[in-house]
Number of protein chains: 2
Amino acid sequence: MALTRSAIVATAMAILDAFGLADLSMRRIAGALGAAPAALYWHFANKQSLLAGVAAELIADLDGPATITPDALSEWCHELRDRLLAHRDGAELVSSVLAMRLLEPTPADLLAGSLIRAGFPTAEAGPAARLVVHFILGHTLDRQGYAQSLQLGVAGPAGPDPDEDFTYGVRLLVAGLSANGTG
Amino acid sequence: MALTRSAIVATAMAILDAFGLADLSMRRIAGALGAAPAALYWHFANKQSLLAGVAAELIADLDGPATITPDALSEWCHELRDRLLAHRDGAELVSSVLAMRLLEPTPADLLAGSLIRAGFPTAEAGPAARLVVHFILGHTLDRQGYAQSLQLGVAGPAGPDPDEDFTYGVRLLVAGLSANGTG
DNA sequence: ACCTGAACACCGTTCAAGT
DNA sequence: ACCTGAACACCGTTCAAGT
């Protein structure tokens, strides 16, 4: 079969799930496709572009919350976290691609749009959305990073339950946004 | 001069500042010290341990906030962010070492301790502190990651002003904590 | 247009051997 | 105790050459 961008991205995603971001090399992707490493460079300018394609698929057809009730906001946060958790090192991949500004619309853009449509002060919707998303990324990065270091055998002792942390954080953020949106 | 752990860490820090985390290799650290790469492995078990030493120095003698007024909390957040910004890729380095649980006390531990001493509900101090720290790390990671990708020449268009985002985020978090601490 | 082969300039880590 | 030399098994990327 011919080498296509989407076949390459799908193969990369499979390697990510099976072996993690550290083992997601151009050589390994090419090997899994039965191609020479250099072949990938006809389809992607560099490794970052390829990773951007994987990250885009990871959060494909994510929408902003439909309504801005506390429950809907909280559910959206959990959905974003679950998408990141669904793939090994998902948070690290997505946050690095977001940092490069290679992924649009960003999850924060989607959330900000929903906030504005619900009457949230326009100037504050962006910063508020990025606050929420940075917490979700920071939290999930930590959680997946610990799992990664366990497998490498370099991890220190385990910390507190991440699910409790996440639920608490989302509740406090949602309460803060509600106070702001109505105030 | 003899190779010591602290001389190695200091050299690594200098390379980090000058060239960034991607160029902070064992071979380059050894080269800067006039030693063979393998020499580092007598002093550190692996690269992660060496990086943990650099991260520890980066946040050395950081204290929790002395009082838990909104101003003191906000100032502490800015201080942590400034420490991360003071070294190239500081947030990426610190968050990866934190994820491995190789750094104690963590910034979140320090903040949680201050919160508890000020009468914050004990069970919530940890989650609250980690919410704050994950936002700070997520935010700073994004900011320094964009700077990094600019230098690599793979960056997309710039986003909004990060200082405004940070100030907004800290204000909302501090308001949320105050509501919780007194409620 | 699409891909290979070979090369360039790197990595982290191990381990026998030296002093 | 502390370090070197050499090796092992890798990287991302480029580029002439093939089809």
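Residues numbered from 1 in each chain as written. Chains lettered and ligands numbered in written order. Predicted model: local features only at pLDDT ≥ 70, side-chain atom pairs only at ≥ 80, totals over all residues. Heavy atoms only, no water.

### A closer look at the pattern of salt bridges
Which entries qualify depends on this criterion: One side-chain nitrogen of Lys or Arg within 4 Å of one carboxyl oxygen of Asp or Glu is enough to make a salt bridge. Each helix corresponds to a stretch of at least 4 residues labelled H or I by DSSP, and each strand to a stretch of at least 2 residues labelled E; elements are numbered beginning at the N terminus. Classification of residues uses two cut-offs on accessible area relative to the type maximum, computed with a 1.4 Å probe and protein chains only: under 20% is buried, over 50% is exposed, and between them is partly exposed.
As enumerated under the stated definition, the model contains 14 salt bridges over all chains in all. The residue A:Arg83 makes a salt bridge to A:Asp61 at a minimum N-O spacing of 3.5 Å. Residue A:Arg83 is found in helix 5 (residues 70-85), and its partner A:Asp61 is found in the loop between helix 4 (47-58) and helix 5; the two are separated by 22 residues along the sequence. In this structure A:Arg83 comes out as buried when scored by relative accessible area, which is 18%. Here A:Asp142 and B:Arg101 are joined by a salt bridge, their closest N and O atoms 3.1 Å apart.

### Focus on the protein's contact with DNA strand D
To keep it simple, the criterion reads: The near set for a molecule or strand comprises every residue that places at least one heavy atom within 4 Å of it. Counting of polar contacts relies on pairs of N or O atoms within 3.5 Å, with two restrictions inside protein: one atom must be capable of donating a hydrogen and the other of accepting it, and residues adjacent in sequence are counted only when both atoms are side-chain atoms. Basically, the charged four are Asp, Glu, Lys and Arg, the nonpolar ten are Ala, Val, Leu, Ile, Met, Phe, Trp, Tyr, Cys and Pro, and anything else, Gly included, counts as polar.
DNA strand D sits among 15 residues. The nearest are A:Arg27, A:Tyr41, B:Ala36, B:Trp42 and B:His43. Counting only atoms of DNA strand D within 4 Å of the protein, the sugar-phosphate share comes to 57%. For DNA strand D, a phosphate oxygen lies 2.5 Å from a polar atom in the side chain of B:His43. The set of elements that each furnish at least two residues to the surface near DNA strand D consists of helix 2 (26-32) of chain A together with helix 3 (40-43) of chain B. Along the lines of polarity and charge, the residues of the surface near DNA strand D split into 9 nonpolar, 3 polar and 3 charged.

### Overview of the interface of chain A and chain B
What counts here: We call two residues in contact when some of their heavy atoms are within 4.5 Å. Buried area is calculated as the accessible area (1.4 Å probe) missing from two parts once they are joined, with the contributions of both summed.
With 36 residues of chain A at the contact, the number on the chain B side is 36 residues. Summed over the three residues of chain A that lose the most area to chain B, namely A:Arg101, A:His134 and A:Tyr168, the buried surface amounts to 22% of that side. Taken together, the connections running from chain A to chain B amount to 4 salt bridges. There are 6 residue pairs in polar contact (both at pLDDT 80 or more) connecting chain A and chain B. Counting residues per element, the side of chain A that touches chain B draws most heavily on helix 8 (residues 122-152) of chain A, at 14 residues. Taken together, the residues of the side of chain A that touches chain B break down into 19 nonpolar, 12 polar and 5 charged.

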